[in-house]
Amino acid sequence: MADSKLDPGKSYGWTGKILRVNLTDKTVSVTPTDPYKEYLGGMGVANKIMYDEVAPGTDPLSPENKVVFAVGPLTATGVPLAGRTTIASLSTYTKDHQVVDAHTGGMIGAAIKKAGWDAIIIEGASDEPVYLKIDDDDVEIKPADKVWGMGTRATTEALSRREGTDFCVATIGPAGENLLPYACIINSRNHSAGAGTASVLGSKKLKALVVRGTQPIYVADPQAVADLSDYMLREIVGSNNNHVVPSTQQEWAEYFDKGSRWTAQKGLTWALAEGGPIETGEPKPGEINTVGYRCMKSFKDEGPEAEKYTIKMDGCHSCPIHCYSDMRVPASAANGGYEITGNTCVPNFPFTNYMIGILGDKTPVAAASEDALVWDQVTGSVMDDLGLWCNYGQIYRDIAHC
Ligand code: SF4
């Protein structure tokens, strides 16, 4: 599309606006994205805002620290794999407390962008627990006393019931409220953002962001974006280049590697799929519509026991990989975990990877057994609910070593 066809009244890619929320005086204001566009992407924008606005040596748990949620110009445009969000703040647990950024998937990035914001700057601190409701341009700071103290799953459900199920909830758990340095933010029930950002939100008494976005994101040349997205899905994500091969010998494949996450294979199913089992089969390179079957993560993490519990693969906004599994495990609920389990990363298999992996035969639980699967789901549920997922499971390694 030639430039002359662009509408000067529309913003393309970027929404052009940054939301600033001051929790001390309960004010909300808007600043333009323009000064930050050259830092391209949520990571650049969030880090530049921290660099400009938070002085070195600031106590990370003081009102002077800020938390910046930021997305990029491709977020929510339909481009594959553009659904992640950067959350920058001062580190709670590293030397000198320098700027760190957490990265999260889920739906929160797309919700923020569709609500009309390239970034959200949280500053100051509230005296009472609050949550931030963002409904497009309508922004409110609301009391959170009823959900303060709740786990992340219960908070997500309570705020979804209160505001509507089309809102995306990003919340902290008791770990963040109690300022544990490793605490994480969980959005869309199962997607974590680490780097201690939840304890900074806890210090500001901000329990959650609850966001609904209904606005379109414009791109200058929709056909070019669609063509490039198809190319990316077919020839890059959907290829079997770069050593991305299935884990078993398949009819079409020259190579396979038992360690690959590409575990789809004939006869392997999402056994609890709605409407009956769905076979993962043998997705072939370049088949856009079968990319999502390739990574049967429950089977990869837990072995054959997992198949009968698997509902489907799940994942982040606009990502075709869908790298984690939703499972229904009644024995998890019976032992203090969630019945429906799943997370984008380590909480899928904390016990297997870090307890059995480190302790070996000092634990009576065998890897890839029914018991290990249940232990994994219970442990993962508890850590998720506390909001204590961290640094690819460092805390589980610490516990195992202790
Ligand atoms: S679904 Fe998995 S692979 Fe895709 S963006 Fe999310 S974490 Fe990454």
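Residues numbered from 1 in each chain as written. Predicted model: local features only at pLDDT ≥ 70, side-chain atom pairs only at ≥ 80, totals over all residues. Heavy atoms only, no water.

1. Structural notes on the environment of phenylalanine 351
Topologically, phenylalanine 351 is positioned in helix α9 (residues 350-359). With 49 residues separating them in the primary sequence, phenylalanine 351 and alanine 400 have C-alpha atoms 9.2 Å apart. Setting aside residues no more than four positions away along its own chain, phenylalanine 351 makes contact with Ile356, Thr363, Val365, Trp375, Asp376 and Thr379. (Helix = DSSP H or I, 4+ residues; strand = E, 2+ residues; numbered from the N terminus. Contact = heavy atoms within 4.5 Å.)

2. Details of the domain arrangement of the chain
Segmentation of the chain into domains returns domain 1 (3-212) and domain 2 (222-401). Relative to domain 2, the C-alpha centre of domain 1 lies at a distance of 27 Å. In this complex, domain 1 contributes 29 residues to the contact, which on the side of domain 2 involves 28 residues. The contact between domain 1 and domain 2 buries some 2,300 Å² in all, and 60% of this surface belongs to carbon and sulfur atoms. If you list the elements that add at least two residues to the side of domain 1 that touches domain 2, you get α3 (152-163), α4 (174-177) and β11 (191-193). Looking at the side of domain 1 that touches domain 2 residue by residue, the classes come out as 15 nonpolar, 11 polar and 3 charged. (Domains from an automatic or database assignment. Buried area = accessible area lost by both parts, 1.4 Å probe. Nonpolar A, V, L, I, M, F, W, Y, C, P; charged D, E, K, R; others polar.)

3. Some words on the sheet that holds β11
Pairing within the open sheet is mixed, and its 6 strands lie in the order β8-β7-β12-β9-β10-β11. Looking at the sheet topology across the chains shown, the edges are occupied by β8 (138-143) and β11. Ignoring which end each strand starts from, the neighbouring axes of this sheet average 20° apart. Here strand β7 (residues 130-135) runs beside β8; their pairing, made up of 6 bridges, is antiparallel. Residue pairing in the sheet places lysine 133 in a bridge with glutamate 140 of β8. Contacting β7, β8, β9 (168-172), β10 (185-187) and β12 (206-212), α3 runs over the sheet at an angle of about 140° to β9. (Pairing = 2+ DSSP bridges. Axes fitted to C-alpha atoms, helices over the stretch in contact; angles between N-to-C directions.)

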